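# Close look at the chain arrangement
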Amino acid sequence: MRYPKSYDVIIVGGGHAGIEASLINARLGMNTLLLTIALDSIGQMSCNPAIGGLAKGHLVKEVDILGGEMARNIDETGLQFKILNRSKGPAVWSSRAQADMTAYRLRMKYTLEHQKNLDIKQEMVDEILVENNEVRGVRTNLGNEYYSKAVVITTGTFMKGKIFIGLNTYSAGRAWEPPSEKLSDSLRKLGLKVSRLKTGTTPRLDARTIDFDALIPQPGDDEPIPFSFRTKELNRPNIPCYLTYTNEKTHEVILKNLDQSPLYSGIVESVGPRYCPSIEDKVVKFFEKKQHQIFLEPQDEKSTEIYADGLHTSMSYEVQLNFLRTIKGLEKVEIMRPGYAIEYDFVDPTQLKQSLETKKIRGLFLAGQINGTSGYEEAASQGIIAGINAAFYLLGKEPFILGRDEAYTGVLIDDLVTKGTKEPYRMFTSRAEYRLILREDNTHLRLAEKSFRAGLLSRDEYEMIMEQRRKIEEVIKRLKTTFIFPTEETNKKLKMLGTEIIKTKTDLAKLLRRTELNYDKLRELHPELEELDKFIKQEVEIDIKYEGYLTMQKQQIEKFKKYENLKIPEDFDYTKVGGLSNEVRGKLMEIKPTSIGQAMRISGVTPAAISILMVYLKKHNDRFKNSA
């Protein structure tokens, strides 16, 4: 059946990428359809019951300022909130929240169902309809054909998904949910390169069988900070997690039963996530370690199900139970759901543009684990970018691109489309060259203007953020132009504040750079300073204390932009450039970099090759000559 209603955009998949792509398209006025295998699984947290974490918190806040929902959803459904790495510098501070998985899923489903311009249907997409290398819609397992001008595929682990528990295997996109068996074949027929990856999850335990008194409580922050800049106050519980450890006996059970591991028995051949290894991998590869951390995390405010973070495993049910019962506090534990590994199809992301549109098929966008990433947050950030660009594609606008110098989302997408991945990609702060500027705390300040210009942020919200920025600049200027003098009274106060005396006229900004001083202590010294709210105070302190490093990083960004602004024509013929090796020419033709900067980041493209390319472009391309 050809469905009688046509759509602007069709989203395939109702996971974290699909949700953000659907909502942003509908919010931008696109007539949008979301097709998903199971309506009740929209927003399902397949693995850990948490949002955020190291570098992932940055992604969530970037999704938020671009008009996404993940931050608001976790603010409404979190069980505890915590800032990680508080003892380190602000560049690596990261928000993390434990989630009530059921509440999170239900609220997200409610949000989608009540979103104007969005239809939701439960059907499995089997085929992408294409005509003249341009997407036309999709065909489902029911034979229905839905027509649209753009399609965003966000299938997670569902394409030809296969689950492993010990030596037992069965087809599934997620435990006990059917896989998508035909869609990846359709993508192959369209000329896309499709490969396999693996990931896994942990056993879920019955809280009634855990001795929590033997474990170490891990509460959230007493004064929690919300993810969304729109959330003014968090009225959520602070439910603790608990810490325990594996031991030598645990490791002994695992090592004796490696033949029950599909990874070590050779059943699974695809590559798993390096930075989230199974407990089998940890025990084998880090043999010298006598213990590994295990965090027991609540999955639901009312459920007894506990997630054992750190115990990802695909070993047999019997082995899982045996090694669990060697761990302190888990001596009598019962498994509610076993851990498992899942193998699935993904598309080589180097076949995508920076907009996440495929290079081969116009109007076809991919986002999330289909691009080789892992994690809810990585999926959501891709989903919103793919969604925005699907809408902009239809509106005839320039693609919405975030650079490596602008956002962690920009780093993530640039890494994927420029370098590709052979293992599930996970975001880290170390992947961002300019992480002191791309901090989590200043996300809305640095992206507000770009978001507002793209129509993703309301004028009221934009003006509120601009007022914050003006206030920060005003306070910094005042501190740099307010001086104190080395009087006996001033130096007495400085000693009382635990800092060195001054010998010459000194501005307050210079004093604030001292490690032992903060804005509140400056007010004790100079009561005329106004009282500030926590956020403004924090940003003022960071900007002044790290001013030298920030200036240096801004200079690095200017150098970076110089090469990013040297654009390479989309239809550029690399076969005409003499002096390039066949390997370098092949990589340039495959990736089709949009700028000299991107070309420089392609693995194997040498500085000598870049010089040859720049000389040729300056000589033969007027647009490049002018930009250079």
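Since we're looking at a predicted model, the values are computed, not measured. (Residues numbered from 1 in each chain as written. Predicted model: local features only at pLDDT ≥ 70, side-chain atom pairs only at ≥ 80, totals over all residues. Heavy atoms only, no water.)

## Some remarks on the domain arrangement of the protein chain
Examined at the domain level, the protein chain breaks down into domain 1 (7-199 + 344-453), domain 2 (204-341), domain 3 (459-553) and domain 4 (565-627). Computed over C-alpha atoms, the centres of domain 1 and domain 2 are 26 Å apart. At the junction of the two partners, domain 1 supplies 54 residues and domain 2 supplies 51 residues. At the boundary of domain 1 with domain 2, total buried surface from both sides reaches about 4,300 Å², with 58% on carbon and sulfur atoms. At the boundary of domain 1 and domain 2, one finds three salt bridges. Here aspartate 309 and arginine 96 are joined by a salt bridge, their closest N and O atoms 3.9 Å apart. When residues of the side of domain 1 that touches domain 2 are traced back to their parent elements, those giving at least two are strand S3 (50-52), helix H2 (56-65), helix H3 (70-77), strand S4 (78-84), strand S5 (94-99), helix H4 (101-113), strand S10 (162-165) and strand S12 (194-200). (Domains from an automatic or database assignment. Contact = heavy atoms within 4.5 Å. Buried area = accessible area lost by both parts, 1.4 Å probe. Salt bridge = Lys/Arg side-chain N within 4 Å of Asp/Glu carboxyl O. Helix = DSSP H or I, 4+ residues; strand = E, 2+ residues; numbered from the N terminus.)

## A word on the packing of aromatic side chains
Applying the stated criterion across every chain, the model contains nine aromatic pairs. Measuring from centroid to centroid gives 6.4 Å for phenylalanine 81 and phenylalanine 227, while their planes differ by 55°, and the two rings are tilted. Here phenylalanine 81, found in strand S4, pairs with phenylalanine 227, found in the loop between strand S14 (216-218) and strand S15 (241-245); they are 146 residues apart in sequence, far enough to count as distant. What makes phenylalanine 227 buried here is its relative accessible area of 3%. Relative to tyrosine 616, the ring of phenylalanine 572 lies with its centre 5.9 Å away and its plane at 70°, an arrangement referred to as edge-to-face. Within this pair, whereas phenylalanine 572 is found in the loop between helix H17 (547-564) and helix H18 (582-591), its partner tyrosine 616 is found in helix H20 (residues 607-620), the two being separated by 44 residues in sequence. (Phe/Tyr/Trp six-rings, centres within 6.5 Å; stacked < 30°, edge-to-face > 60°. Buried < 20%, exposed > 50% of the residue type's maximum accessible area, 1.4 Å probe, protein only.)

## Description of the sheet that holds strand S19 (residues 341-347)
With antiparallel pairing, the four strands of this open sheet are ordered in space as S11-S10-S19-S12. Unpaired on one side and paired on the other, strand S11 (168-171) and S12 mark the two borders of the sheet. The mean inter-strand angle of the sheet, taken between neighbouring strand axes irrespective of direction, is 25°. When S10 meets S19, the two strands line up antiparallel, connected through three bridges. (Pairing = 2+ DSSP bridges. Axes fitted to C-alpha atoms, helices over the stretch in contact; angles between N-to-C directions.)

## Remarks on H2
With ten of ten residues buried, H2 is to be regarded as a mostly interior element. Looking at H2, one finds that the buried residues are Lys56, Gly57, His58, Leu59, Val60, Lys61, Glu62, Val63, Asp64 and Ile65. Positive phi appears at glycine 67, one or two residues downstream of H2, with a value of about 100°.

## Re helix H9 (residues 376-395)
For H9, with 20 residues, the first-to-last C-alpha span of 28 Å sits near the 28 Å given by 1.5 Å per residue. With 17 of 20 residues buried, H9 is to be regarded as a mostly interior element. Looking one or two places after H9, you find glycine 396, whose phi comes out positive at around 75°. (Expected span 1.5 Å × (residues − 1).)

## Description of the side chain of histidine 16
Mapped onto the elements of the fold, histidine 16 is located in helix H1 (residues 16-27). Histidine 16 gets classed as buried once you look at its relative accessible area, which sits at 8%. From its side chain, histidine 16 meets the backbone oxygen of glutamine 44 in a polar contact 3.2 Å long. Other than its neighbours up to four places away in sequence, histidine 16 contacts Gly43, Gln44, Met45, Met70, Tyr104, Tyr376, Ala379 and Ala380. (Polar contact = N/O pair within 3.5 Å; in protein donor to acceptor, adjacent residues only side chain to side chain.)

## Here's the deal with the nonpolar core
The biggest cluster of nonpolar side chains holds 108 residues, and the ones touching the most others in it are Ile128, Ile153, Leu187 and Leu479. The element best represented in this core is H9, accounting for ten residues. Formed by 24 residues, the second largest nonpolar core is a distinct cluster that contains Ile254, Ile279, Met315 and Phe323. (Core = buried A, V, L, I, M, F, W, Y, C linked by side-chain atoms within 4.5 Å.)

## Examining the pairing of strand S17 (residues 305-309)
For S17, the tally of buried residues reaches five of five residues, placing the bulk of the element in the interior. Here S17 shows a buried face lined by Glu305, Tyr307 and Asp309 and a second buried face lined by Ile306 and Ala308. For strand S13 (residues 204-206) and S17, the ladder comprises three bridges, and the chain directions are antiparallel. Looking at S17, one finds that aspartate 206 is bridged to glutamate 305.

## Some remarks on the sheet that holds S5
By definition, the strands of a sheet pair up through backbone hydrogen bonds, in either a parallel or an antiparallel sense. Across the sheet, three strands lie side by side as S3-S5-S4; this open sheet has antiparallel pairing. Sheet topology places S3 and S4 at the edges, where each strand pairs with a single neighbour. When the angles between neighbouring strand axes are averaged without regard to direction, this sheet yields 20°. Sheet topology note: the S4/S5 ladder contains six bridges and is antiparallel. Across the sheet, the residue bridging to isoleucine 83 is serine 95, located in S5. Sitting on the sheet, H2 touches S3 and S5, and the angle it makes with S3 is about 80°.

## Comments concerning a nonpolar patch on the surface
On the surface, a nonpolar cluster with roughly 340 Å² of combined accessible area is contributed by Leu255, Tyr264, Val284 and Phe287. Structurally, the position occupied by tyrosine 264 is in the loop between helix H6 (248-256) and helix H7 (279-285). (Patch = residues over 30% accessible without salt bridge, like charges linked within 9 Å, V, L, I, M, F, W, Y side chains within 5 Å. Areas by Shrake-Rupley, 256 points an atom, 1.4 Å probe, with all protein chains shown as cover.)

## A few points about the side chain of aspartate 414
Its place among the elements puts aspartate 414 in helix H10 (residues 408-419). The exposure class of aspartate 414 is buried, given its relative accessible area of 2%. Reaching out from aspartate 414, the side chain makes a polar contact with the side chain of glutamine 354 at a distance of 3.0 Å. A distance of 2.8 Å separates the side chain of aspartate 414 from the side chain of arginine 404, its partner in a polar contact. For aspartate 414, the contacting residues outside a window of four places in its chain are Gln354, Arg404, Lys419, Gln598 and Arg601.

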